[in-house]
Amino acid sequence: MPAVAALTGLLVAAGAGWLLGSPVNQPLLLRVAVPAGRFVLDGCGVVAVGLALLCWLVAGGRRRDVDAVLDAAGRAAVVLAGAWAASAVLMLWLQAAVVTGRPLTGLGVDDVADYVGAFNAGVGLLVTVAAAVSYAVLAVLTRWRRWPELAAVLSLLGLLPGPLTGHASSQHDHELAILSIAAHAGAAAVWVGGLGAAVTLLAARRALLVTALPRFSAIAAGSAGTLAVSGVLTAVARLGSVAQLAGTGYGRVVLAKAAALVVLGVLGWLLRRRVLPAVRDHRRAPLVLLAGIELTVMAVAIGLAAALTTSSP
């Protein structure tokens, strides 16, 4: 299910980027590759947050089960960090090509260095690379047994530079835009990453689910509320009028994101009302099915967000 969700989100990001991109100023390859690359980059950050959250979700569970889950999470963290750093370097190249107007094949290291020196977004991507490398080192040194707070800090440090150095940094209501987009990205990462980690690493361990799922349910409820409020504030900061919601491609993508959040709210309610009591009572429940659908809708929302960060209203 996570693989299906990731592929769906990637296709949505590429398609939305193609629809929102400028056919005059940007080659078709970049119109598709930049939002797709942003989706991969953001997706890695979201998974990193989820793996960090896993330490708190399983705390207090049976030692043998907890050790097995943390061993798997530690190995996954190392692989993930490599993909995260590589996707950040790829985005450096893609964004430098967008800014310079040069083809990817004609882009040199000096051009990328100039982009980093001139744009905060380039510096932000270097911060992401450093955070990803540090995240991998932490996983190797601790085997995911210690310092979950540091893992959470590193994951957010690598995730947030992209949203914060995008269009939000140039909005008229600068402080409002920065705060709302940071809250939005952080809440989404906690909700999506936590659910993905729980489904992937805990679904087969029902004893741990009894401990982890109620904790995650409470976290998800808070994340959903934060997403709704921060999403409205972000839209207000970026759109000049209500008419732009239906009258522009950008606005229609915002509406699609809002619809996805409504669907996620319904799915979250179903998980809380039907799956959570069954897990507590050690009864069979459609956890993987409902969570897989929820992850797919989440991936679509992240794909749409990736397209939005590479375009203007």
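Residues numbered from 1 in each chain as written. Predicted model: local features only at pLDDT ≥ 70, side-chain atom pairs only at ≥ 80, totals over all residues. Heavy atoms only, no water.

J.: I tried to follow the overall build of the protein chain on my own but got confused; where do I start?
T.: Tallying secondary structure elements over the protein chain gives twelve helices and zero strands in all. If you list the helices and strands of the protein chain from N to C, you get α-α-α-α-α-α-α-α-α-α-α-α. The proportion of buried residues among the 313 residues of the protein chain is 48%. Taking all contacts inside the protein chain whose residues are at least 6 apart in sequence as the whole, residues at least 24 apart take part in 75%. Accessible area of the protein chain: about 14,300 Å², with a carbon and sulfur share of 69%. (Helix = DSSP H or I, 4+ residues; strand = E, 2+ residues; numbered from the N terminus. Buried < 20%, exposed > 50% of the residue type's maximum accessible area, 1.4 Å probe, protein only. Contact = heavy atoms within 4.5 Å. Areas by Shrake-Rupley, 256 points an atom, 1.4 Å probe, with all protein chains shown as cover.)

J.: Just to check I follow, could you spell out helix α6 (residues 148-159) for this structure?
T.: The end-to-end C-alpha separation of α6 is 16 Å, in line with the 16 Å expected for twelve residues at 1.5 Å each. Along α6, the positions that sit buried rather than exposed are Pro148, Ala151, Ala152, Leu154, Ser155, Gly158 and Leu159. Angularly, the buried residues of α6 cover 165° about the axis, an arc narrow enough to put them on a single face. (Expected span 1.5 Å × (residues − 1). Arc of directions from axis to C-beta.)

J.: Could you clarify how one ought to interpret the packing of aromatic side chains in this entry?
T.: Given two aromatic rings, their pairing is described by the distance between the two centres and the angle made by the two planes. Evaluation of the coordinates by the stated rule reveals three aromatic pairs. Centroid distance Trp84 to Tyr135: 6.1 Å. Interplanar angle 90°. Geometry classified as edge-to-face. Of this pair, Trp84 sits in helix α3 (residues 63-100) while Tyr135 sits in helix α5 (residues 120-142), and the two are 51 residues apart along the sequence. Comparing Trp84 with Tyr135 shows no difference in burial state: the two are buried. Taken together, the aromatic side chains of Trp84, Tyr135 and Trp144 make up a single cluster linked through ring pairs. One residue, Arg146, lies across the ring of Trp147, its end atom 4.8 Å from the ring centre. (Phe/Tyr/Trp six-rings, centres within 6.5 Å; stacked < 30°, edge-to-face > 60°. Lys NZ or Arg CZ within 6 Å of the ring centre and 35° of its normal.)

J.: Please clarify how the nonpolar core should be interpreted in this entry.
T.: Across soluble globular proteins, you tend to see nonpolar side chains buried next to one another. Leu51, Leu54, Val58, Tyr135, Trp144 and Leu202 are the most contacted members of the largest nonpolar core, which has 85 residues in total. Ranked by size, the runner-up nonpolar core spans eight residues in total, among them Ala16, Val254, Leu304 and Leu308. (Core = buried A, V, L, I, M, F, W, Y, C linked by side-chain atoms within 4.5 Å.)

J.: Hey, could you run me through the environment of Pro163 in this one?
T.: With respect to the helices and strands, Pro163 occurs in helix α7 (residues 161-164). Distance in space between the C-alpha atoms of Pro163 and His184 is 9.4 Å, their sequence separation being 21 residues.

J.: Is there a simple way to think about the packing of helix α2 (residues 28-57) against helix α12 (residues 287-309) in this case?
T.: Between α2 and α12, the least distance of the axes is 8 Å, while the angle of their chain directions is 125°. By the angle class used here, α2 and α12 are oblique. α12 is crossed by α2, and the crossing has right-handed handedness. For the pair α2 and α12, contact is made by Pro35, Arg38, Phe39 and Val46 and by Ala299, Ile302, Gly303, Ala306, Ala307 and Thr309, respectively. (Axes fitted to C-alpha atoms, helices over the stretch in contact; angles between N-to-C directions. Parallel < 35°, antiparallel > 145°, perpendicular 65-115°, else oblique. Left-handed = near helix turned anticlockwise from the far one by under 90°.)

J.: Just to check I follow, could you spell out the confidence of the model for the protein chain for this structure?
T.: For residues with low pLDDT, the predicted coordinates do not support detailed interpretation. Looking at the protein chain, pLDDT values average 84 and 89% of them are 70 or higher. Here helix α10 (residues 243-247) stands out as the element of the protein chain with the lowest mean pLDDT, 67, in contrast to α5, whose mean of 95 is the highest. (pLDDT = per-residue confidence, 0-100.)

J.: Please clarify how the side chain of Asp65 should be interpreted in this entry.
T.: Position of Asp65 relative to the elements: it lies in helix α3. Ignoring anything within four residues of it in the chain, the contact list for Asp65 reads Arg205, Ala207 and Leu208.

J.: When you look at the pattern of salt bridges in this model, what are you seeing that I'm missing?
T.: Scanning the model with the defined rule gives eight salt bridges in all. A salt bridge links Arg205 to Asp65; its shortest N-O distance comes to 3.3 Å. Here Arg205 is found in the loop between α8 (174-202) and α9 (206-238), whereas its partner Asp65 is found in helix α3, with 140 residues between them in sequence. The class for Arg205 is partly exposed, based on a relative accessible area of 31%. A relative accessible area of 7% places Asp65 in the buried class. (Salt bridge = Lys/Arg side-chain N within 4 Å of Asp/Glu carboxyl O.)

J.: Help me understand α3 in this model?
T.: Each α-helix winds once per 3.6 residues, and so residues spaced three or four apart point in a common direction. Taking 1.5 Å of rise per residue, 38 residues should cover 56 Å, and α3 covers 54 Å from first to last C-alpha, within 8% of that figure. Positioned one or two residues after α3, Gly101 has a phi angle of 75°, which is positive.

J.: How should the packing of α2 against α6 be read in this particular structure?
T.: The relative placement of two packed helices is expressed as an angle between their axes plus a distance between the axes. Relative to each other, α2 and α6 sit at 165°, their axes nearing to 9 Å. The angle between α2 and α6 falls in the class roughly antiparallel. The hand of the α2/α6 crossing is left-handed. Touching Asp42, Gly45, Val46, Ala48, Val49, Ala52, Cys55 and Trp56 of α2 are Pro148, Glu149, Ala151, Ala152, Ser155, Leu156 and Leu159, all from α6. Split by residue class, the contact of α2 with α6 holds eleven nonpolar, two polar and two charged. (Nonpolar A, V, L, I, M, F, W, Y, C, P; charged D, E, K, R; others polar.)

J.: Help me understand unusual backbone geometry, please; the structure alone is not making it clear to me.
T.: Excluding glycine, residues mostly carry a negative phi; peptide bonds, for their part, are mostly trans. Positioned with a positive phi, Trp144 is a non-glycine residue whose angle comes to about 65°. One can find Trp144 in the loop between α5 and α6. At Trp147, a position not held by glycine, the phi torsion is positive, near 55°. Mapped onto the secondary structure, Trp147 falls in the loop between α5 and α6.

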